[in-house]
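As a plain string of letters, each chain reads:
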There are 2 protein chains.
Amino acid sequence: MAAEHQHFLTLDNINPNVQKIQHPARGPLLIIAVELEKELKNGVKKPFKEVIKPVVADFQAMGQPPITFVRQVMSIVIYPQLLDDPKFPDDAKERARTILNGCKGGSIGSYTEASGIEIIRRHVAEFIGKRDGIPSNWEDIILCAGDGIGKLLKLFSKEANGKKTGVMIPIPEYPLYSILSNEYDLHQVGYYLDESQNWRINTEELQQSIDEAKKVCIPKVLVIINPGNPTGQVLTRENIEEIIKFAYKENLYLLADEVYQNNIYLEDFKFHSFKKVMTEMGEPYNSMELASFMSCSKGYICECGCRGGFAEILNMCPEVKVVFNKSNTVMLCPPTAGQACVELLVRPPEKGEPSYEQFIKEKKAVLDSLREGAHLIVKTLNSFEGVSCNNIQGAMYAFPQIRFPQKAIEAAKKQHQSPDKLYAIEMLENAGICVVPADGLGQVSGTYHFRTTLIPIQKMKIMLDRLEAFHREFMDRYR
Amino acid sequence: MAAEHQHFLTLDNINPNVQKIQHPARGPLLIIAVELEKELKNGVKKPFKEVIKPVVADFQAMGQPPITFVRQVMSIVIYPQLLDDPKFPDDAKERARTILNGCKGGSIGSYTEASGIEIIRRHVAEFIGKRDGIPSNWEDIILCAGDGIGKLLKLFSKEANGKKTGVMIPIPEYPLYSILSNEYDLHQVGYYLDESQNWRINTEELQQSIDEAKKVCIPKVLVIINPGNPTGQVLTRENIEEIIKFAYKENLYLLADEVYQNNIYLEDFKFHSFKKVMTEMGEPYNSMELASFMSCSKGYICECGCRGGFAEILNMCPEVKVVFNKSNTVMLCPPTAGQACVELLVRPPEKGEPSYEQFIKEKKAVLDSLREGAHLIVKTLNSFEGVSCNNIQGAMYAFPQIRFPQKAIEAAKKQHQSPDKLYAIEMLENAGICVVPADGLGQVSGTYHFRTTLIPIQKMKIMLDRLEAFHREFMDRYR
């Protein structure tokens, strides 16, 4: 063993913005969960056989099979000899050829343009055009790899006139936004979603939040997640119009996280893109600056590992766009397998193509499993003593509120924990379910919540059985 | 068309660190090259039929076929039904099963740990152990996706005691380091490589550079690229020892960019990893902080598009490592196809396995093409009037020096250009070859160079014929 060396890089001198990073879904609970899994593997007896970890929306990790068509095309693209294999359908081969023709040297082994393969960007624009009934310009599209939001946020200068730049973020939050704001030295301005109105975005709250924030920063960005993570609301068109007017009035750059646009579970709800609403509102709103993000990790494709997604960057100042494109070349290009997946997200099999029937069946199976799970978890949670959970209109999360008995709140206080964290730790240790307590995600003071992701329906049923038993026992114990 | 909107995000208020980004290999020359390609496509007559763009080391973009084994395994991993296909060899299936077993839910569609799939990290450690004859700990390994160097550099605080943190970077440079330093608000400290000694790193120059730098910043990181990009030197063991002693004396964190470790073309040269040398030097050097980087984009695999690589992070302060690992979870995980490629980089077919013979043949073909190209381009350039080019000992670049006639220097001055840029623009327009003039990469004042990457040998011959004719004509014209 080498003698202990005086470290050059220590906690005392590392970048404080990096040091502050704390991902609530990757915190101490996950460490306990992994420990429990090790104990189970080593034969230690527990009241459960498997730890269920609905901490990150990742359907395939929970056993959901992938969409066959997606994997067929991606495998051909990687091993083009499969173009000669009669077991692969013609539409898969056509998609693969299209992608390969867009690659330098005809190979996905080469770097692409930093913004992604041109033909895929063109197809994304066509997809958006059909979705919204409004044309999209392919040069406004960039392909990305889980890094799109960071690429955009880092365009904003840290401060002006001695005040930091503010980024308005919904609370309860999806932690990526506060983590990136922190990393880029921007000031996080939280605005609360209205739980009593199924997590609607109230413009009065937006106004109050920005007025307060202006005392310490210059708010420049408004982040909207629709459908909501972790709150599952689907914004109405009217609500979106209000938000756009607010952003216009306050000179805010709109950042619309729309990655759950294919995850809507209630008949009466429909996804309205910010782009569509803003455009249809006409002047002066139709020329506002907007960045909208979409991903292959969610929806029904659920290919989290391939890191594929796209952004539509609207009405960016042309000179800024030059800088933006230049700054994106630093990382050379997004991974090609992820780019291929984007092609399949926007060009799935069409009616009449050989893969169509199977594709529709598989897509429906994923979405049915999600929908059934969404309904079941809401119904089940609302049947628990002291628990209320808004309808999951969309996205992939439940975010129930728990009214704890006074004794539980006191017990937590004694342990210097929040009650929701105490509850989550006991749930993990007693029921083998790892959720994210809301103390890391933000909640109205005096209310307590946790976040769980939707998981395939079979596993969901097992989880809810365990959760029900745990909750009853917990409430009895602290009554 | 919407009325012109007053933009919120403008050149006047964007992040100045992002605005400054300028990638010399993605600059105005590449824009001209793309324009020329469009003209050729539209039938405009030019003295060449195709623009050759050796600006980024990307062998597959230039027509080099991929390694069959690599693509077979990656396609099985993506479409595991291929495990039943008798056309795929058993060793490819074994690698694929190993990777899939390491994935959550047995699918590469799920997120992995932020540091990468554990079994692949273990195999990387075994690979390093065999390479160096010194054990490697798998927990020191992280898999990355072209973003590893940034992940490390951003750990360093921007400043202390009112002085910026300095990063020592070799000149002529590989632009990534200055771009990232700039993005993270670190101070770039250049040190010159010694052209007269085949781009050796002189510790006298390091000393002079750091002494000068200390007046304005606190140097904390020493970047070494070995084999060198763009200069192609392979450091001797004795030179590495000197560098390590210098870094120790000056309290520098060592960042060893060793992505070209498989690209060595001269018999007498051998790759020595910084880890190996540092460890063998014993105390106190063997416990120094070091980060070493490796990639699937270079070597003989040349899978640029999959974005796969790894880093070995040695002797990091344990508390800092906790922060480092936490900060890496923000991006969730590197793309799984790239991770799979790393497995194949460190576990190629072994003697006796069914894919071995073909693998060796293909590997040799790539490396022979690179070696032959390296020898040919050096020999050819050195035969040109006024040109001298150091031997390409390793990596994938030639970096020749040109002594321009006075008239060329004056012509450039009149156009407010550097002579090497004038030369490169004329080369592009007259010979259809797009290289990177060294004015963007740094060079000793009064000397002029350009950078070209190695390309497959057939294309290299075409390029050199065109280059020779262009150079003769250029020299004649400005004589």
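Residues numbered from 1 in each chain as written. Chains lettered and ligands numbered in written order. Predicted model: local features only at pLDDT ≥ 70, side-chain atom pairs only at ≥ 80, totals over all residues. Heavy atoms only, no water.

Under the annotation held in an unreviewed UniProt entry, chain A carries the name alanine transaminase and is attributed to Ignelater luminosus. You can read under Catalytic activity (unreviewed entry) in the UniProt record for chain A the words "L-alanine + 2-oxoglutarate = pyruvate + L-glutamate". What UniProt records for chain A under Subunit (unreviewed entry) is the sentence "Homodimer." (UniProt positions renumbered as here; feature names shortened; annotations may be inferred.)

Q: Which residues make up the overall build of chain A, and what values go with them?
A: On a plain count of helices and strands, chain A comes out with 16 helices and 13 strands. Its C-alpha atoms give chain A a radius of gyration of 23 Å, near enough to 23 Å, the size a compact globule of 479 residues would have. Viewed in the frame of its principal axes, chain A has a C-alpha envelope of about 65 × 65 × 60 Å. Here chain A holds 479 residues, and the buried ones make up 66% of them. Residue pairs in contact within chain A that sit at least 24 positions apart in sequence constitute 71% of those at least 6 positions apart. Computed over 56 positive and 60 negative side-chain charges, the separation of the two mean positions in chain A equals 3 Å. (Helix = DSSP H or I, 4+ residues; strand = E, 2+ residues; numbered from the N terminus. Rg over C-alpha atoms; globule rule 2.2 N^0.38 Å. Buried < 20%, exposed > 50% of the residue type's maximum accessible area, 1.4 Å probe, protein only. Contact = heavy atoms within 4.5 Å. Lys, Arg positive; Asp, Glu negative; His and termini not counted. Charge placed at Lys NZ, Arg CZ, Asp CG, Glu CD.)

Q: I'd love a proper account of the interface of chain B and chain A, names of residues and values included.
A: Interfaces are frequently sized by the accessible area removed from exposure as the parts join. At the interface, 95 residues of chain B touch 95 residues of chain A. Of the roughly 7900 Å² buried between chain B and chain A on both sides combined, carbon and sulfur atoms contribute 62%. It is F8, L9 and Y111 of chain B that lose the most area in chain B upon contact with chain A, and together they represent 10% of the buried surface on that side. Here chain B and chain A share 4 salt bridges between them. Taken together, the connections running from chain B to chain A amount to 38 residue pairs in polar contact (both at pLDDT 80 or more). When residues of the side of chain B that touches chain A are traced back to their parent elements, those giving at least two are α1 (16-19), α3 (68-78), α7 (176-183), α9 (237-249), α11 (318-328) and α12 (336-346) of chain B. Residues of the side of chain B that touches chain A, tallied by class, amount to 47 nonpolar, 29 polar and 19 charged. (Buried area = accessible area lost by both parts, 1.4 Å probe. Salt bridge = Lys/Arg side-chain N within 4 Å of Asp/Glu carboxyl O. Polar contact = N/O pair within 3.5 Å; in protein donor to acceptor, adjacent residues only side chain to side chain. Nonpolar A, V, L, I, M, F, W, Y, C, P; charged D, E, K, R; others polar.)

Q: Tell me what's going on with the domain arrangement of chain A, and back it up with residues and numbers.
A: Residue and element names in this part refer to chain A. For chain A, the assigned domains are domain 1 (16-62 + 361-478) and domain 2 (146-306). In this complex, domain 1 contributes 36 residues to the contact, which on the side of domain 2 involves 34 residues. Here domain 1 is connected to domain 2 by 0 salt bridges. Elements supplying a minimum of two residues to the side of domain 1 that touches domain 2: α13 (356-382) and β10 (397-398). The biggest single contributor to the side of domain 1 that touches domain 2 is α13, with 7 residues. (Domains from an automatic or database assignment.)

Q: Summarise the pairing of strand β6 (residues 253-257) of chain A; cite the residues concerned and give the values.
A: Residue and element names in this part refer to chain A. For β6, a buried count of 5 out of 5 residues is recorded, marking the element as mostly surrounded by other parts of the structure. Alternating positions in β6 separate into two faces, Y253, L255 and D257 on one and L254 and A256 on the other, with burial throughout. Where strand β5 (residues 217-225) meets β6, 5 bridges bridge the pair, whose relative direction is parallel. Bridging from a neighbouring strand, I225 pairs with D257 of β6. On the question of chirality, the crossover connecting β5 to the parallel β6 by way of helix α9 (residues 237-249) is right-handed. A crossover connection joins β6 to the parallel strand β7 (residues 290-295) through helix α10 (residues 274-280); in handedness this β-α-β unit is right-handed. (Pairing = 2+ DSSP bridges. Right-handed = clockwise from strand over helix to strand, strands pointing away.)

Q: Give a detailed account of the nonpolar core, specifying residues and quantitative values.
A: Residues L222 and F310 of chain A together with L222 and F310 of chain B are the most contacted members of the largest nonpolar core, which totals 276 residues. Counting 68 residues, the second largest nonpolar core, distinct from the first, contains I149 of chain A together with V18, I169 and F293 of chain B. (Core = buried A, V, L, I, M, F, W, Y, C linked by side-chain atoms within 4.5 Å.)

Q: Please set out helix α14 (residues 406-414) of chain A residue by residue, giving values where relevant.
A: Since there are 3.6 residues in each turn of an α-helix, residues three or four apart along the chain are aligned in direction. Residue and element names in this part refer to chain A. When α14 is considered as a whole, its buried residues turn out to be A408, A411 and A412. Down the axis of α14, the buried side of the element spans an arc of 100°, and every buried residue falls inside it. Opposite the buried face of α14, by more than 90 degrees, sit the exposed residues Q406, K413 and K414. Contacts made by the buried residues of α14 are with α15 (419-431) and α16 (457-478). (Arc of directions from axis to C-beta.)

Q: Give me the pattern of salt bridges: which residues, what numbers.
A: Pairs can form between side chains of opposite charge once their charged atoms are near each other. Per the counting criterion, the structure on display carries 70 salt bridges over all chains. The closest approach of N and O atoms between E250 of chain B and K249 of chain B, which form a salt bridge, is 3.0 Å. What makes E250 of chain B buried here is its relative accessible area of 12%. Between E426 of chain B and R477 of chain B there is a salt bridge, with its nearest N and O atoms 2.5 Å apart. Placement of the pair is E426 of chain B in helix α15 (residues 419-431) and R477 of chain B in helix α16 (residues 457-478), with a sequence separation of 51 residues. If you follow the salt bridges from partner to partner, you end up with E94, R95, E343, R347 and E353 of chain A in one network.

Q: Give me the side chain of K275 of chain A: which residues, what numbers.
A: Residue and element names in this part refer to chain A. Here K275 is to be found in helix α10. Polar contacts involving the side chain of K275 include one to the side chain of E312, which spans 2.8 Å. Setting aside anything within four residues of it in sequence, one finds K275 in contact with I128, D132, I134, P135, S136, L290, E312 and L314.

Q: Which residues make up the packing of aromatic side chains, and what values go with them?
A: How two aromatic rings sit relative to each other is given by the distance of their centres and the angle of their planes. Residue and element names in this part refer to chain A. Tallying each qualifying case throughout the model produces 32 aromatic pairs over all chains. Between Y174 and Y177, the aromatic rings sit 5.9 Å apart at their centres with planes inclined by 70°, giving edge-to-face as the arrangement. Residue classification places Y177 among the buried residues on the basis of a relative accessible area of 0%. Connected via pairs of aromatic rings, a cluster forms that spans F404, Y423, Y448, F450, F470, F474 and Y478. (Phe/Tyr/Trp six-rings, centres within 6.5 Å; stacked < 30°, edge-to-face > 60°.)

Q: Just give me the short version of the relation of the copies chain B and chain A, but keep the residues and values in it.
A: Expressed as a screw operation, the relation of chain B to chain A combines 0.0 Å of axial shift with a rotation of 180°, fitting to an RMSD of 0.0 Å. Taken together, the rotation and translation describe the operation of a two-fold axis. The position closest to the rotation axis in chain B is occupied by the C-alpha of S75 of chain B, lying 2.3 Å away. Interface overlap between copies is the fraction of interface residues in one copy that are interface residues in the other; for chain B against chain A it reaches 100%, indicating a shared surface. (Least-squares fit on C-alpha atoms with pLDDT ≥ 70 in both.)

Q: With reference to specific residues and values, describe the sheet that holds strand β13 (residues 450-453) of chain B.
A: A sheet is described by the order of its strands in space; here 3 strands give the open sequence β10-β13-β12 (chain B), paired in antiparallel fashion. Edge strands, defined here as strands with exactly one partner in the open sheet, are β10 (397-398) and β12 (436-437) of chain B.

Q: Describe in detail unusual backbone geometry, supporting the description with residues and values.
A: A cis geometry characterises the amide bond from N229 of chain A onward to P230 of chain A, with omega recorded as 10°. Looking at the element boundaries, P230 of chain A is found in the loop between β5 and α9. Following I171 of chain B, the chain continues to P172 of chain B via a peptide bond in cis, the omega torsion being 0°. Within the secondary structure layout, P172 of chain B lies in the loop between β3 (163-171) and α7. A positive phi angle, close to 65°, is found at A395 of chain A, a residue other than glycine. Owing to a relative accessible area of 0%, A395 of chain A belongs among the buried residues under this scheme.

Q: Mind laying out the packing of helix α3 (residues 68-78) of chain A against helix α12 (residues 336-346) of chain A, listing which residues take part and the relevant values?
A: Residue and element names in this part refer to chain A. The N-to-C vectors of α3 and α12 enclose an angle of 135°; their axes lie 10 Å apart at closest approach. As far as their axial angle goes, α12 and α3 are oblique. In this structure, α3 crosses over α12, and the sense of that crossing is right-handed. Along the contact surface, α3 presents F69, V70, V73 and M74, while α12 presents A337, A340, C341 and L344. The residue makeup of the contact of α3 with α12, split by class, is 8 nonpolar, no polar and no charged. (Axes fitted to C-alpha atoms, helices over the stretch in contact; angles between N-to-C directions. Parallel < 35°, antiparallel > 145°, perpendicular 65-115°, else oblique. Left-handed = near helix turned anticlockwise from the far one by under 90°.)

Q: Before we move on, could you go through the pairing of strand β13 (residues 450-453) of chain A and cite the residues and values that matter?
A: All names here are of chain A. Both faces of β13 are covered, namely the face carrying F450 and T452 and the face carrying R451 and T453. Two strands pair when backbone bridges link them, and β10 and β13 are joined in this way by 2 bridges, in the antiparallel orientation. Of the residues in β13, the one forming a bridge with Y397 is T453.

Q: Residues and numbers for the UniProt feature "domain: Aminotransferase class I/classII large" (unreviewed entry) in chain A, please.
A: Per the UniProt annotation, the sites labelled "domain: Aminotransferase class I/classII large" (unreviewed entry) are residues 104-467 of chain A. End C-alpha atoms of residues 104-467 of chain A are separated by 52 Å, and the span's content is 39% helix alongside 16% strand.

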